[in-house]
Every structure is written in C-alpha cells, then in structure tokens.
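# Observations on the model geometry
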Amino acid sequence: MAFVNNCSPEPEISEEELYGPEPYDLNFILPVPPVLSTDKPRLVPFIPCVHAAAYFDAVRGHETMYQYMPHALEYPSGLLRYIKMHRRKETAVTFTTALNSS
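Residues numbered from 1 in each chain as written. Predicted model: local features only at pLDDT ≥ 70, side-chain atom pairs only at ≥ 80, totals over all residues. Heavy atoms only, no water.

For residues other than glycine, phi is negative in most cases, and the peptide bonds are mostly trans. In this chain, Glu22 is followed by Pro23 through a cis amide linkage whose omega measures 0°. Positive phi outside glycine occurs at Asn27, with the angle close to 50°. Take Asn27: it is sitting in the loop between α1 (15–18) and β1 (36–37). (Helix = DSSP H or I, 4+ residues; strand = E, 2+ residues; numbered from the N terminus.)

Moving on: the packing of aromatic side chains. A full pass over the atoms with the stated rule returns two aromatic pairs. Note on Phe46 and Phe95: the rings are 6.4 Å apart at their centroids and 55° apart in plane angle, and the pair reads as tilted. Of the two residues, Phe46 is situated in the loop between β2 (41–45) and α2 (48–59) and Phe95 in the loop between α3 (76–87) and β3 (96–100); the sequence distance between them amounts to 49 residues. For Phe46, a relative accessible area of 8% corresponds to the buried category. Residue classification places Phe95 among the partly exposed residues on the basis of a relative accessible area of 27%. Centre to centre, the rings of Tyr55 and Phe56 are 5.0 Å apart; their planes meet at 85°, and the pair counts as edge-to-face. Phe56 sits in the buried class, given a relative accessible area of 7%. (Phe/Tyr/Trp six-rings, centres within 6.5 Å; stacked < 30°, edge-to-face > 60°. Buried < 20%, exposed > 50% of the residue type's maximum accessible area, 1.4 Å probe, protein only.)

Structure, rendered in structure tokens:
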C-alpha cells in the first residue's frame, strides 16, 4: 500500500510573533475576567509580553523542573513557541498566572 508523509517543520516565528499581538488574543471559548482574586493571590491571563520575563526570572536556577515535560520549555523562546503553536490553537485552553495581591 502506498503512503505519503506530508509533515513539514513548524514555520519560523519572529520574536514579535512569539509575544503575541496587541491587544493579546486569549482565543478562549469562554469569557475571561481580567482578574480572579482573593485577599491573597490574583489569577490573571498569562500575556507573554507582560509576564514571560518575570516567569523566567522566577524559575531561573530550577530548570530541572522541565525534565519530564515533552517540550523544551526551559528557555523563553521554547515556552513562547509552545504557547503560540500548541496552546493558543486550542480554544478550550488558556494560560493564567498567579500574582501576589499584597
């Protein structure tokens, strides 16, 4: 039986594209409030151009936490590419980040 393999590599994405458009489109099927909060943490949508640098500053030195993940996320470009290529296409998934309310 004949077969083909039309798989092609993921397209190159510029750094500007990795951080997303302005305004950032969450591409989520439900309405997303700007903030979900209690008196302790606030949960906000993860917007790469706003939150990526702080995330990587916080995890620097703890890169081993990525060893069991199926994607290389230990570098900013890896995480942002993963979000752009795999997660934002899924309308049932959105990324959030927890912020300290104090």
